[in-house]
Structures are given as C-alpha cells and as structure tokens.
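Letter by letter, the chains look like this.
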Amino acid sequence: MRLFLLLLLPLFCGACRSGTVDSAAPVRPVKIAEASEASDIRKDFAGMATPDDAVTLAFKISGQVADIPVAQGERVARGALLAELDPRDVELQVSATRSAFEEARSQQQRMQRLLEHQAVSRQEAEAARTRFAQAKSIYDNALGLLNDTKIKAPFDGVIEATYVDNYERVQAGQAILRLVDPHTTTVKFTMPEQGLRPLADSSTRFEVAFDSYRGVRFAARLKDYARTSSDASGFPVTLKLVGADTARYDISPGMSCTITMFSADPVPDAVSLPLSAIYAPTGGGTYVWVVGAGERVEQREVTLGELFGSDRVIIDTGVEPGDRVVTAGVYRLQPGEEVRILK
C-alpha cells in the first residue's frame, strides 16, 4: 500500500502544476485598423463602354431590297453604300415628272418672252410661272425619292448588325442595319436611388478602370443621368472620359469597366472603417472594439452610415479619427480583455 501511494504522488503533483498554468488567461492576438476621416466616400459600380456614335438606319420609302453589300463586323468609311432598293419604279416616276418639268419650263420661258413684247397679259405669264414651280417641285421630290433608294454611311464605323436580306420587301422606316463608331469615350452604369444625391454635387468626381487595361485609371466627368426609373432597377448614368489617350488605349463599345465615384460625406466628423470591424451580436445593436490604455478593449456602440468602396463603411457616431479598432476576431472578445496587436 505504501508503495502504491508513493507511485501516485508524482501524478497528483503534476496535476496541481498543470492546473496552475491553465488558470493564467492568455493574451488574445488581434488585428486593428486606425479610424480615418471619411472626407470622401468611395463607391464602385460595374459599367460598360457604349458608342459615342451609333445609328439604326432605314429607308424612307418602301420597296424591295436589291443589295446589301456589307456584312456584320465590316468597317466602312463615311459615304460608303450600305444598302440599296430596286430603283425601277422610282426611275419611271422620275422620267414622268422630268417630262412635265421640262414642258412647264419651256412654257414659262415662252410666256416670259411674250410678256416682254406685251403679247400676253401679266396674269397669263404668272400662271405659267406657277405651273413651272409646281412641276419643278414634283420633279425635285422624285429625284429625292431616287436618292432615298440608297443608304450611305453617315460616319466611319463598323456594321454592328444587319436585319434584312437581299430581295426582301421592306416598309418605310423598317430597320435595315446598325452602324456604330468602333472607338468610344462614353461609359454607362446604373445608379441606385440613394446614390442620386452626390450626382447633383459639383465636387463629385469619377474614375474608370477597364478590365482590359488593369492598373490604368481614366478620369471621367458626368455627362447626363436619368431622374426616373421605369422598372425600379436603378437610374442610368452616362460618363465621358476626360483626356483618354485613345491612340494608346483602344476603348471599344461593349468593354466592361469598374466606375469609382468619389463624393463628400454629408455627415461632418464621420470616420471610415473596414466592414470586418463591425460587431453585431444576436442581442441587437451595432458595436466596435476600441483598443485603449493597457492594450485592453472597450466595446462602443456606433451608428453606421453608407457603404463605400469594396470593404469599408462610414461610422457616423461612436468612433473618433485615430481610434484603434479591432478588425479581426470581434466575436471572441470580452470587455476589458487584454489583447496583443499583430503587426
């Protein structure tokens, strides 16, 4: 029995020693961020480059398509023939009106000579002049219709789409093809309702980064925006790139981009913090952990403002600029707990 007790004694001593070590509370390591003034709110939006010039072209008259000599994706110069109607019906009309025009012109000239010799009355000469003016108007209109059987490119561009085929009969105003300028300095994005206020502020500025040119940011200015949204999906906003080197950076319609809007915070003395610093327990409330004297944490209730950028939030009240705020492990801390700041 004595031998058995001697064997158990070291185990009891070891247990006592390990209980003493475990009773020491460890210092929890944390990451922190310093609250900074939120003089500028930064928000990112997904956008897309849109054409500076784009037009859907149509014939002014009805008829049968004779030829569409261009294909989708083809580059064309200003004045190039893009589509043509069968002109035979219009040519017959031109011939008929030309004959009437030439006859009225000859009659008007004859009556003018007779009037100079007082062989006809002034009233008869005026009537001949009126008939000539009417015939000329009808002839000019027919010539205009003949020109309307052709569609020509109004500017240099690329054929984005064609909508009809050769020999198809089309109506006046029916879409035939779409021409776009392949180079652009225009971008568009959709703004949520709460973002409309900064658009009216002249100090709001924009930057645009295209996925094709990573690391390059282009300054942009507000061109226009819609103040109504019919489908409640947001308000379309259009920007114009400023000083973009289009010779070096070929920006084409359809290129995706990220638009960053910088606007003033409407709340004075507000600060910004990473989203990970926010502590929202199940019991309710919104808090942060501020590292104070002796590297011990203090729980503070805060009022949240707007989200901005990709991972930050405005703190309207509860935190001052320069406060050290825990950004990792906020759900494991206790008030007054000592922490060790990770560098």
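Structure shown above.
Remember, it's a predicted structure, so these values are computed and weren't measured experimentally. Think of each chain on its own: its residues are numbered from 1, step by step along the sequence as written. Where totals are concerned, whole chains, interfaces and linings use all residues; where local detail is concerned, this predicted model gives features only for residues with pLDDT of at least 70, and gives and counts side-chain atom pairs only at 80 or more. Side-chain metrics rest on all non-hydrogen atoms present in the structure, leaving aside hydrogens and water.

Concerning the pattern of salt bridges
Salt bridge criterion: a side-chain nitrogen from Lys or Arg within 4 Å of a carboxyl oxygen from Asp or Glu. Summed over all chains, the structure comprises 13 salt bridges. For Asp323, the salt bridge goes to Arg300, with nearest N and O atoms at 2.9 Å. Residue Asp323 is found in the loop between strand 22 (312-317) and strand 23 (324-326), and its partner Arg300 is found in strand 20 (residues 297-301); the two are separated by 23 residues along the sequence. Taken together, the shared-partner salt bridges connect Arg205, Glu207 and Arg217 into one network. Secondary structure follows DSSP: runs of H or I at least 4 residues long count as helices, runs of E at least 2 residues long count as strands, and numbering of each begins at the N terminus.

Regarding the pairing of strand 14 (residues 205-210)
Here, strands pair whenever DSSP counts at least two bridges between them. For strand 14 and strand 17 (residues 256-264), the ladder comprises six bridges, and the chain directions are antiparallel. Bridging across to strand 17, Arg205 finds its partner in Phe262. Pairing of strand 14 with strand 15 (residues 218-225), which is carried by three bridges, proceeds in the antiparallel orientation. Bridge assignment links Glu207 to a residue of strand 15, and that residue is Ala219.

Here we look at the packing of aromatic side chains
Aromatic rings from Phe, Tyr and Trp, taking only the six-membered ring of Trp, are treated as a pair when their centres fall within 6.5 Å; an angle between ring planes under 30 degrees marks them as stacked, one over 60 as edge-to-face, and anything in between as tilted. This structure, assessed with the given rule, holds nine aromatic pairs. Consider the rings of Phe218 and Tyr249, whose centres lie 5.4 Å apart with planes at 85°: the pair is edge-to-face. Taken together, the residues Phe218 in strand 15 and Tyr249 in the loop between strand 16 (235-241) and strand 17 connect sequence positions 31 residues apart. Across the pair, exposure class does not vary: Phe218 and Tyr249 are buried alike. An aromatic cluster of at least three residues, connected via ring pairs, comprises Phe210, Tyr213, Phe218 and Tyr249. Definition used: whenever NZ (Lys) or CZ (Arg) falls within 6 Å of the ring centre and also within 35 degrees of the ring normal, the charge is taken to sit over that ring. Taking the ring centre of Phe262 as reference, the NZ or CZ of Arg205 above it sits at 4.1 Å. Each residue's exposure class comes from its accessible area (1.4 Å probe, protein chains only) as a fraction of the maximum for that residue type: buried when under 20%, exposed when over 50%, partly exposed otherwise.

A word on the sheet that holds strand 10 (residues 157-162)
Through backbone hydrogen bonds, the strands of a sheet pair up, either in parallel or in antiparallel fashion. Spatially, four strands are ordered 5-12-10-7 in an open sheet, and the strand pairing comes out antiparallel. Sheet topology places strand 5 (54-58) and strand 7 (75-76) at the edges, where each strand pairs with a single neighbour. Here strand 10 runs beside strand 12 (residues 175-180); their pairing, made up of four bridges, is antiparallel. Among the inter-strand pairings, Val158 is bridged to a residue of strand 12, identified as Val180.

Don't take any of this as a statement about function, it's just geometry.
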